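Residue-level listing of the chains:
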Amino acid sequence: MAILAIAMLLLSVKVIFKKNGHFESQHIHDSKAMRDRGIHCVMDQDREQRTRQSKVKERVYK
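What comes next is a walk through the structure. Just so you know, the residues in each chain are numbered from 1, in the order the chain's sequence is written. In keeping with the model being predicted, local features are shown solely for residues with a pLDDT of at least 70 and side-chain atom pairs are shown and tallied solely at 80 or more, while totals for entire chains, interfaces and linings include all residues. The basis for every side-chain value is the complete set of non-hydrogen atoms in the structure, without hydrogens or water.

Turning next to a nonpolar patch on the surface. Patch definition: residues above 30% relative accessible area lacking any salt bridge, with like charges linked at up to 9 Å and the nonpolar side chains Val, Leu, Ile, Met, Phe, Trp and Tyr linked at up to 5 Å. Method for areas: the Shrake-Rupley scheme with a 1.4 Å probe, in which residue coverage is limited to the protein chains shown. Should a side-chain nitrogen of Lys or Arg be within 4 Å of a carboxyl oxygen of Asp or Glu, the pair is scored as a salt bridge. Nonpolar side chains collect at one region of the surface, where Ile6, Leu9, Leu10, Val13, Ile16 and Phe17 lie side by side and expose about 630 Å² of accessible area between them. Helix numbering and strand numbering both begin at the N terminus, where a helix is a DSSP run of H or I of at least 4 residues and a strand a DSSP run of E of at least 2. Elements that contribute at least two residues to the nonpolar patch include exactly helix H1 (2-11) and helix H2 (13-17). Looking at where Ile6 falls in the secondary structure, it is placed in helix H1.

See the structure below:
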């Protein structure tokens, strides 16, 4: 129990001791470094692929 209590305390130091402290978002699309590298979340990549594939099919069939 003591180890878990210490771990929870250490994880929440920023939230407890910093004014207006909060946990940062863990989503990839919220990270500036990931956006700069061109890395997107799976949902965005899937949406881009589906859009790209549908445009290719439209051109082939028209």
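Now for the side chain of Ser12. With respect to the helices and strands, the residue Ser12 is situated in the loop between H1 and H2. Each residue's exposure class comes from its accessible area (1.4 Å probe, protein chains only) as a fraction of the maximum for that residue type: buried when under 20%, exposed when over 50%, partly exposed otherwise. Using a relative accessible area of 17% as the deciding quantity, one classes Ser12 as buried. Contacts described as polar in this section are N or O atom pairs within 3.5 Å, which, within protein, must combine one atom able to donate a hydrogen with one able to accept it, while residues neighboring in sequence count only if both atoms come from side chains. At 2.9 Å, the side chain of Ser12 and the backbone oxygen of Met8 are in polar contact.

Here we take up the pattern of salt bridges. Throughout the structure, instances matching the rule amount to 3 salt bridges. We note a salt bridge from Asp36 to Lys32, for which the minimum N-O separation is 3.0 Å. Here the residue Asp36 and the residue Lys32 both occupy positions in helix H3 (residues 32-36), the gap between them amounting to 4 residues, near one helical turn. For the pair shown, Asp36 and Lys32 are each scored as exposed.

Residue placement: Lys14 occurs in helix H2. Among the residues examined, Lys14 registers a relative accessible area of 40% and is labelled partly exposed. Among residues more than four places away in sequence, those in contact with Lys14 are Gly21, His22 and Glu24. Any two residues whose heavy atoms approach within 4.5 Å are treated as being in contact.

Keep in mind these values describe shape, not function.
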